[in-house]
Amino acid sequence: MDKKVIFIHKSEILAEGMNSFLYPTFGMSLIHLSSTKDMSKFIDKENSFTLFIIDEDYSEEVKKFNLSMNNNVDLLWFTKDYSESEDTLYAFSSIEEVKTRVECVLRNHDILTNRNSLVKDLSDREIDVLKLVAKGFANREIGEKLYISIHTVISHRKNITEKLGIKSISGLTVYAILNKLVEPQEIS
Amino acid sequence: MKRITPNDKLADIVSENFMLFSVLNRLGIDMAYGELTVREACELRTLDINLFIVVVNTYIDNKYVPCKEHMNLSLKDLMSFLTKSHIAFREEFLPMLKGLFLEIREKDPKSGVAMVNDVYVKAQDQFVKHNIYEDEVVYPYVMKIIEGDNYEEDEEINNFIATSENSRHLKFNEEMQDLLYIFLKYVRPTCQLEMGKLIGVLTSFKTDLAHHMAIEDTYFYSQIKKKGNG
């Protein structure tokens, strides 16, 4: 399936910056639009997934497109103020955090469109987080050890749970032991 | 799904839903049912028939919603049922699981099951502790509130009740589900027979616990809320 990111924002520099790591990380080409005028061209494409990252200033204009009704489209609001909401991308996030947020959207989309895929491999970072969860560290401690924010830790944990279908800490610990990510004697 | 009614025979309902064998036991009805119907058995044991109907139907049908006339339950009988369920969890399911874990560990010390035993034991200890606290402290406290007896407000118990299903048995039920899922997906033991038994007990326990939680929340803890609104 073809995947692309449409970044709607007045700033070309921001678009360049986003493209510089989205393409190498996710293999998704980024198309920059400076207004919402042409965005309808990228909706309702068959066999194509489009992630819109749109400046929150355009929120009123975007409403008419009813993006939430379309399974081949997802949306992140590019915001100047930090928000816990899953459909936002904070303008001052670290690259790692942006990657995590985008990855989360892609994963949700995979789940929506491909319910048969049960097992998905964990990324290196998710494995780092899983090891520390199994060893009994709290989110804050994991963040400190890996030099990432607590929000990123939470996002990684959410991804791990979604990929493995395992919710409890005991379950994640058992999984980590069985896959030799940690030794049983390392568990506190 | 066919509902169980007061005129059904005990032998019939248990033969069709074996899970109810243990449930009837917890309701104080032992085997050698003879030709007894639900109504007759309840009269004989002076057991609230509405409670019987609600409990057995919840166990056989996840989507069961009782009719209004069955909503008025004897809380004393309900508390007794919930307490006996806890005893069954502690004295039947957990020892069975422990025995099977040990058996597999002995026969196949390198299997994943042997490696995860310690993690499981820790989760089980938490569950037992939680269970006993509910029997000895929370249930009697709730009964006093519902029956309008004198009681002293206890913040710790109030918080426990307020967290509802989010943290009571749900955590352990989730752990059971995860364990089951992990065994099915990742463990390849040499002793298949024992592993099959372990998965069977885990599944029955998990299902029983889920029904128990549903009954506890819908008919027991909800009474406090009704009392508050009334």
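For the structure, check the block above.
The paragraphs below set out a description of the structure included in this document. Keep in mind that this is a model prediction, so the values were computed, not measured. (Residues numbered from 1 in each chain as written. Chains lettered and ligands numbered in written order. Predicted model: local features only at pLDDT ≥ 70, side-chain atom pairs only at ≥ 80, totals over all residues.)

Overview of the overall build of chain A
Move 1: Secondary structure summary: chain A contains seven helices and five strands in total.
Move 2: Listed N to C, the secondary structure of chain A is β-α-β-β-α-β-β-α-α-α-α-α in terms of helices and strands.
Move 3: Here chain A holds 188 residues, and 26% of them are scored as buried.
Move 4: Considering only residue pairs separated by 6 or more positions, chain A has 58% of its internal contacts joining residues 24 or more positions apart. (Helix = DSSP H or I, 4+ residues; strand = E, 2+ residues; numbered from the N terminus. Buried ≥ 20, exposed ≤ 12 C-beta atoms within 10 Å, placed from the backbone. Contact = placed C-beta atoms within 7 Å.)

Regarding the sheet that holds strand β3 (residues 48-55) of chain A
The strands making up a sheet associate through hydrogen bonds between their backbones, and the pairing can be parallel or antiparallel.
Residue and element names in this part refer to chain A.
Move 1: The strand order across the open sheet built from five strands is β2-β1-β3-β4-β5, with neighbouring strands paired in parallel fashion. In this open sheet, the two strands that pair with only one neighbour each are β2 (29-33) and β5 (88-90). Each strand of the sheet is rotated relative to its neighbour by a mean of 25°, with strand direction disregarded.
Move 2: Bridge count for strand β1 (residues 2-8) against β2 is five bridges, and the pairing is parallel. Within β2, the residue paired with Lys 4 across the bridge is Ser 29. (Pairing = 2+ DSSP bridges. Axes fitted to C-alpha atoms, helices over the stretch in contact; angles between N-to-C directions.)

Some thoughts on the interface of chain A and chain B
Move 1: In this assembly, 13 residues from chain A lie in contact with 15 residues from chain B.
Move 2: Tallied by class, residues from the side of chain A that touches chain B come to seven nonpolar, five polar and one charged. (Nonpolar A, V, L, I, M, F, W, Y, C, P; charged D, E, K, R; others polar.)

Thoughts on the environment of Ile 160 of chain A
Residues and elements named next belong to chain A.
Move 1: Turning to its location among the elements, Ile 160 is positioned in helix α6 (residues 150-164).
Move 2: On the neighbour-count criterion, Ile 160 (19 C-beta atoms within 10 Å) is partly exposed.
Move 3: With 38 residues separating them along the chain, Ile 160 and Leu 122 place their C-alpha atoms 6.9 Å apart.
Move 4: Not counting residues up to four positions away in its chain, the partners in contact with Ile 160 are Leu 122, Glu 126, Val 129, Leu 130 and Leu 172.

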